[in-house]
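Descriptive structure summary
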Amino acid sequence: MASLADESIIADFVAESREHLSSVEPDLLAMESLGAKVSQEVINRVFRAIHSLKGGAGFFAFEALKKLSHAMESVLMLVRDGKLSPAPDIMDCLFTGVDRLRAMLDDIQASDNVPFAKELANLEAILSGKGVNLGETVKGREKGSKRDFDLDAESVRSALRRGMNLYRANAYLHRDIKDQGLTPLAFLNNAMSVGACLDAFIDIDAIADLENCLEQDLAVTLLFASVLEPDLAALALKLPVEQVKVLEVKALKEEMKAKAKAAKAAEKAEPKAEPGPRQEAPAPVAEEPVAEVEPEAAVEDKPEARGGAAMKEGGNETLRVRVDLLTNLMNLAGELVLGRNQLVRAVTDYQNEIPGLGAILQNVNQVTTEMQEGIMQTRMQPIGTVFNRFPRIIRDMSRQLSKQIEVQIEGAEVELDKSIVEMLVDPLTHIIRNCADHALETPAERKKAGKNPTGVIHLHAFHEGGQINIAVNDDGRGIDAKKILAKALAKGLVTKAQAAEMTDREIVHLVFAPGFSTAETVSDISGRGVGMDVVRTNVEKLGGHVELETEVGMGTTVRLRLPLTLAIIPSMIVGVADHRFAIPQVNVVEFVWVKASEVAQRIEHVQGALVLRLRDKLLPLVRLADVLGIQRLFLDAATGEMRPDRRASIADRRGDAPETPEEASTRERDRRTDWRSDHNIIVLRVGKNHYGVIVDELFDIEEIVVKPLSTFIQGTKCFSGATILGDGRVIMILDAGGLSTAAQLHFTDLQAEEIRRLEEEKRSAALKASRRRSVILFEAAKGERFAVPQDHVLRLERILRSRIELIGDREYIEYRGEGLPLVRLDRHLEVRPLDKGLEELFLVIPKVPGQNSTARPPAGILISEILDALDVEVELKAVEFTGPGLLGSAVVQDHLTLFLDPVNLLKAAGLMGGDAA
Amino acid sequence: MASTQSDSSVLRIPSGGNLVASTVEERRKAAMDALEAPCTQAVLDLTDAEVVDSLGITLILGLFKTCQKRKVAFSVEGANADLMRVFKLFSLPKLFPIREK
């Protein structure tokens with residue numbers, strides 16, 4: 001179908017209409033879920049969107065689009081007016097209507113070929129039930145005319161918002177069109193190229209019949225909106241100035257408002273309870289109305305009601321720009337960045353020679369960066385544009401699957417490059433479908449499992465570490481690692497030997513293997529087994545990473561980590577031998593410099609893998625040269641030449657290869673400790689895992705422009721693209737994930753080793769703690785030192801020797817009203833007796849395990865002096881002589897000290913009911 | 001503008017080509033002749049018309065007014081997409097039914 005209007009105007013209309021439909025769906029869902037409680041604002045938003053679409057469709061004469069949107073608008077009007085409740089069947093009709101409108105917009109020129117009879121019939125059935133006449137039109141009347149304008153309120157508002165003047169232009173078919181050599185089509189084309197034609201009609205009153213009709217020069221009246229001033233508008237329309245009249249906008253606005261108020265008042269007065277057949281109201285005839293529009297046209301402009309081309313409250317104008325223009329700008333910005341890098345590289349050396357060059361370079365540098373960032377910003381889109389389509393998908397799926405599913409969205413405002421947003425649609429849709437189809441249980445199953453019958457799918461986008469994280473979480477049945485493994489074995493994806501060594505996490509990640517599916521039935525929704533590997537592939541194509549966390553019975557989280565943009569990324573330039581590589585900065589965690597002399601302490605082999613001990617963690621290491629098959633070189637300090645490095649590993653101190661005579665002769669200048677053999681390690685992040693890459697040289701961080709790989713090297717895992725450096729050299733961009741895969745890193749092995757070491761350290765700490773004792777130091781005979789653990793002592797008491805009484809061969813002392821047996825160490829151990837000259841002695845009253853501290857103690861040990869109470873860290877050694885209650889000996893405060901176990905001593909003394917000595 | 005009559009009540013009026021300045025007078029006369037025959041409905045068939053200029057539109061409107069006077073229902077058929085656009089933008093479908101080719 002040929003287009004009267006400029007194609008770009010239609011393209012704008014399609015883009016705006018798509019936006020309207022995107023914004024309509026969440027509101028329709030809200031209407032459905034809230035029913036009659038839904039706010040008027042939500043209904044109005046939907047109404048305005050459909051109304052705008054209808055207006056545009058009418059304007060461009062897309063009949064099918066207009067008819068369907070008109071019917072939807074009529075239904076919405078009933079809902080808005082409270083004459084119809086947004087029941088599910090009504091909402092179904094609106095949803096399918098939206099789908100059909102979308103299908104029409106997909107190929108606007110063939111929109112009339114899209115079948116919509118069923119949808120229209122359903123809507124008409126609703127309307128006929130309510131006695132609505134679909135033929136209602138928006139009426140307007142041009143001053144002094146007998147003929148009504150058919151005005152689209154939204155078009156009028158849109159024109160006014162954009163500061164356009166409204167004109168009534170009269171053109172005569174003969175004088176102004178035919179005699180100017182124009183066809184009516186050419187005339188209208190011209191008019192629409194300089195503004196918007198809101199309506200037009202021909203004054204047919206001047207014509208009586210066929211008899212003399214050809215002599216009549218009929219007037220065509222145009223209601224026309226343009227930014228042009230009147231004289232220029234007339235010139236552009238190729239009409240005399242007097243035939244182009246400006247319509248008074250202020251009067252028009254006031255008229256719109258007044259009519260709206262009147263209409264509202266009339267609605268209020270109108271009884272609502274009678275849904276009988278409604279007569280089409282005649283167009284109201286005002287005294288001298290400029291234009292008359294239906295009530296919603298006069299609703300105060302609200303920001304949320306406006307399309308993408310609207311002006312926001314703050315006055316920030318927006319402008320539709322074609323994506324290919326932005327893409328071109330982006331590419332040019334990329335080339336500019338490259339040129340800037342090359343320029344800086346080329347003239348840096350001349351900065352001192354040319355005054356002011358440094359400042360110029362800095363300025364060019366800064367402006368380039370800002371411009372590039374600005375252009376990147378124009379391509380950023382909120383992830384909500386993808387997220388917002390899922391509630392509708394889930395609504396339909398939940399019906400199809402007889403499940404109750406709620407979708408929660410968080411972080412819809414997070415922005416990503418348009419290309420990434422577009423490429424995320426398929427992976428995210430697949431994940432969401434999987435959640436609804438496989439992950440979430442039926443209401444009965446959920447009830448049985450003690451869960452809420454309504455399953456929840458939570459979509460969350462957030463920034464983290466310069467990347468975008470998107471987490472899709474469900475509270476469904478989770479993924480059973482055993483089932484996955486069984487399926488993987490059955491499909492031959494893993495061998496039994498491999499399976500035996502796999503962790504649960506690794507097993508669960510098998511769902512990303514090509515062709516993997518655990519779905520017991522292949523549904524028409526998902527479960528064809530071609531999905532999750534495509535998800536992973538697509539995400540990795542974007543330079544992202546996908547991870548999966550699951551817990552049986554609790555749910556699953558699929559987490560995508562994505563770069564903000566793909567086009568220009570800051571990257572670290574590294575060197576290996578003569579080669580240069582770029583590593584995207586988002587993957588770089590830190591740099592570690594390991595001195596050659598520290599290699600033995602910091603780098604080791606764990607389970608055959610090279611690891612760096614970094615802050616008490618084991619970091620797997622790969623040598624970039626080895627992974628990429630590049631001959632390693634080292635600088636021979638003796639000759640100053642680069643020579644092949646033949647060591648199998650940097651942890652090797654000599655290497656397996658036989659020493660050459662040259663090496664032997666230079667052994668004294670050992671490169672193992674030479675500073676030139678220091679190691680540069682870049683710690684990279686791949687999802688949750690980190691690993692180190694050993695490179696020869698670190699250069700600088702540069703903003704690189706990503707160029708796609710040629711098809712013949714696209715299969716290489718290690719590279720994600722190529723770029724051009726400032727010196728013109730083409731280098732490869734390393735893919736952190738691919739590199740770790742190529743190096744066959746097994747993070748889980750190292751994690752197990754880390755856990756083992758951690759436990760070892762804990763044990764060691766516990767042992768150390770066991771060696772630490774709080775003791776009481778004392779003497780019995782002068783110079784003979786003893787120690788008793790404080791936790792074995794109940795009390796220490798001072799006594800006078802004169803109070804000791806002898807009964808039989810056992811000594812006692814009156815202690816708290818009772819006789820307390822006394823024990824002398826020299827009677828049980830090979831130690832000297834107490835000095836007989838001492839009048840004042842001390843008693844160590846042992847603590848008996850399990851006995852109350854107020855209970856009568858079994859005995860007291862006589863000592864001569866208490867020396868100290870202190871913490872000591874000792875390893876007890878066996879003493880040469882043995883005796884009861886002797887734990888061992890150790891040197892404390894430079895004196896040999898015997899450590900006693902008082903309870904065992906008392907047992908030996910026959911005072912604890914134990915064995916007598 | 002030769003006329004054919006499919007039945008006693010419907011008068012079909014073929015355009016016989018483009019309705020432009022050079023042809024409208026001839027077509028006007030033919031239409032007038034055709035309308036001499038009694039009918040309740042007149043259909044202008046634009047299947048053969050690629051272009052309709054200002055005079056053509058005037059002719060169609062004259063035809064419409066004549067039919068209106070004689071209480072004969074008037075409609076247009078077989079309009080191509082370009083013609084449909086022009087008719088719609090001039091709001092002619094509000095006066096009489098127009099069906100696209």
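Residues numbered from 1 in each chain as written. Chains lettered and ligands numbered in written order. Predicted model: local features only at pLDDT ≥ 70, side-chain atom pairs only at ≥ 80, totals over all residues. Heavy atoms only, no water.

1. Focus on the overall build of chain B
The test is simple: Starting at the N terminus, helices and strands are each numbered in turn, a helix being any DSSP run of H or I of at least four residues and a strand any DSSP run of E of at least two. For the exposure calls, accessible area comes from a 1.4 Å probe over protein chains only, and a residue counts as buried if that area is under 20% of its type's maximum, exposed if over 50%, partly exposed in between. We call two residues in contact when some of their heavy atoms are within 4.5 Å. Residue burial considers only the protein chains on display, and all accessible areas are found by Shrake-Rupley using a 1.4 Å probe.
Secondary structure assignment for chain B yields three helices and five strands. Ordering the α and β elements of chain B from the N terminus gives β-β-α-β-α-β-α-β. Out of the 101 residues belonging to chain B, those deemed buried represent 58%. At a minimum sequence separation of 6, the contacts of chain B that also span at least 24 residues come to 68%. Surface accessibility of chain B: about 4,100 Å² in total, with carbon and sulfur atoms responsible for 52%.

2. Structural notes on the overall build of chain A
A count of helical and extended segments in chain A gives 26 helices and 37 strands. Burial analysis of chain A (917 residues in total) assigns 46% to the buried set. Summing over all exposed atoms, chain A offers an accessible surface of approximately 45,300 Å²; the carbon and sulfur share of this is 51%.

3. Some points on the packing of aromatic side chains
Put simply, the rule is: By convention, a stacked pair of Phe, Tyr or Trp rings (six-membered ring in the case of Trp) has centres within 6.5 Å and planes under 30 degrees apart, an edge-to-face pair has planes over 60 apart, and any other such pair is tilted. A ring has a charge above it when a Lys NZ or an Arg CZ is no more than 6 Å from the ring centre and no more than 35 degrees off the ring normal.
Applying the stated criterion across every chain yields a total of six aromatic pairs over all chains. Ring plane angle 15° and centroid distance 6.2 Å describe the contact between Phe13 of chain A and Phe62 of chain A, whose orientation is recorded as stacked. Here Phe13 of chain A, found in helix 1 (residues 7-34), pairs with Phe62 of chain A, found in the loop between helix 2 (40-59) and helix 3 (63-80); they are 49 residues apart in sequence, far enough to count as distant. For the pair shown, Phe13 of chain A and Phe62 of chain A are each scored as buried. Plain terms: the ring middles of Phe64 of chain B and Phe74 of chain B are 6.3 Å apart, the flat faces sit at 45° to each other, and that makes the pair tilted. Here Phe64 of chain B is found in helix 2 (residues 54-69), whereas its partner Phe74 of chain B is found in strand 4 (residues 73-79), with 10 residues between them in sequence. Judged by its relative accessible area of 6%, Phe74 of chain B is buried. Taken together through their ring pairs, the aromatic side chains of Phe64, Phe74 and Phe96 of chain B make up a single cluster. The cationic tip of Arg85 of chain B hangs over the ring face of Phe62 of chain A; the distance from NZ or CZ to the ring centre is 5.6 Å.

4. Quick word on the sheet that holds strand 14 (residues 568-576) of chain A
Residues and elements named next belong to chain A. The following threshold applies: Any two strands between which DSSP finds at least two bridges are classified as paired. Throughout, an axis means a line fitted to C-alpha atoms (over the contacting stretch in the case of helices), and angles, computed between N-to-C directions, take values from 0 to 180 degrees.
If you walk across this open sheet you meet the five strands as 24-14-15-26-25, and the pairing is mixed. On the outer flanks of this sheet lie strand 24 (697-705) and strand 25 (719-724), each paired with one strand and no other. Sheet twist, expressed as the mean angle between neighbouring strand axes with direction ignored, is 35°. As paired strands, strand 14 and strand 15 (residues 579-584) are joined by six bridges and run antiparallel to one another.

5. Remarks on helix 9 (residues 230-237) of chain A
Residue and element names in this part refer to chain A. Definition in use: Relevant arc is that of directions from the helix axis to the C-beta atoms, nothing else.
Buried within helix 9 we find Ala233, Ala234, Ala236 and Leu237. Viewed along the axis of helix 9, the buried residues span an arc of 165°, placing them on a single side of the element. Among the structural elements, strand 3 (165-172), helix 8 (184-194), strand 5 (219-226) and strand 6 (244-246) are those in contact with the buried residues of helix 9. Where helix 9 terminates, the next one or two residues include Lys238, which has phi positive at roughly 60°.

6. Some points on the packing of helix 14 (residues 390-401) of chain A against helix 15 (residues 418-439) of chain A
Residues and elements named next belong to chain A. How we decide: Just so you know how the angles are binned, under 35 degrees is roughly parallel, over 145 roughly antiparallel, 65 to 115 roughly perpendicular, and the rest oblique. Left-handed describes a crossing whose near helix is turned anticlockwise from the far helix by less than a right angle; the clockwise case is right-handed. Each residue is assigned to one class: nonpolar for Ala, Val, Leu, Ile, Met, Phe, Trp, Tyr, Cys and Pro, charged for Asp, Glu, Lys and Arg, and polar for all the others, Gly among them.
The contact between helix 14 and helix 15 brings their axes to 10 Å, and the two run at 30°. Considering the angle they form, helix 14 stands roughly parallel to helix 15. Once helix 14 is placed against helix 15, the crossing between them reads as right-handed. Along the contact surface, helix 14 presents Phe390, Ile393, Ile394, Met397 and Leu401, while helix 15 presents Leu428, Thr429, Ile432, Arg433, Ala436 and Asp437. Among the residues making up the contact of helix 14 with helix 15, the classes are represented as eight nonpolar, one polar and two charged.

7. Quick word on helix 20 (residues 532-541) of chain A
All names here are of chain A. Residues of helix 20 that are buried: Met532, Asp533, Val535, Asn538 and Val539. Of the surrounding secondary structure, the elements contacted by the buried residues of helix 20 are helix 15, strand 12 (545-551) and strand 13 (555-563). Directly beyond the C-terminal end of helix 20, a positive phi value near 80° is found at Gly543.

8. Structural notes on the pattern of salt bridges
Two side chains that carry opposite charge are able to pair once their charged atoms sit near each other. All names here are of chain A. The test is simple: Think of a salt bridge as a Lys or Arg side-chain nitrogen and an Asp or Glu carboxyl oxygen that are within 4 Å of each other.
Taken as a whole and assessed by the stated rule, the structure comprises 37 salt bridges over all chains. Where Asp27 meets Arg45, a salt bridge forms, and the shortest distance between an N and an O atom there is 2.9 Å. Here Arg45 lies in helix 2 and Asp27 lies in helix 1, a separation of 18 residues in the sequence. Judged by its relative accessible area of 9%, Asp27 is buried. For the salt bridge of Arg446 with Asp475, the shortest nitrogen-to-oxygen distance reads 2.8 Å. Linking Arg446 in helix 16 (residues 443-448) with Asp475 in the loop between strand 11 (467-474) and helix 17 (481-490), this pair joins segments that are 29 residues apart in sequence. For Arg446, a relative accessible area of 0% puts it in the buried group. Using a relative accessible area of 22% as the deciding quantity, one classes Asp475 as partly exposed. Where salt bridges share partners, they join Glu25, Glu32, Asp92, Asp99, Arg102, Arg392, Arg395, Asp396 and Arg399 into one cluster.

9. Remarks on the interface of chain A and chain B
The condition is simple: Simply put, the buried area is the total loss of 1.4 Å probe accessible area from both parts when two parts are fitted together. Definition of a polar contact: a pair of N or O atoms within 3.5 Å, with one able to donate and the other able to accept a hydrogen when the atoms are protein atoms, and with sequence-neighbouring residues admitted only if both atoms are side-chain atoms.
Listed by partner, the interface residues are 35 residues for chain A and 32 residues for chain B. When chain A packs against chain B, close to 3,000 Å² is buried across both sides, 69% of that on carbon and sulfur atoms. The three residues of chain A that bury the most area against chain B are Ile204, Leu210 and Leu214 of chain A, which together make up 24% of that side's buried surface. On inspection of chain A and its partner chain B, the count reaches two salt bridges. Notably, a salt bridge pairs Asp209 of chain A with Lys69 of chain B, separated by 3.2 Å at the nearest N-O pair. In this assembly, chain A and chain B are joined by eight residue pairs in polar contact (both at pLDDT 80 or more).

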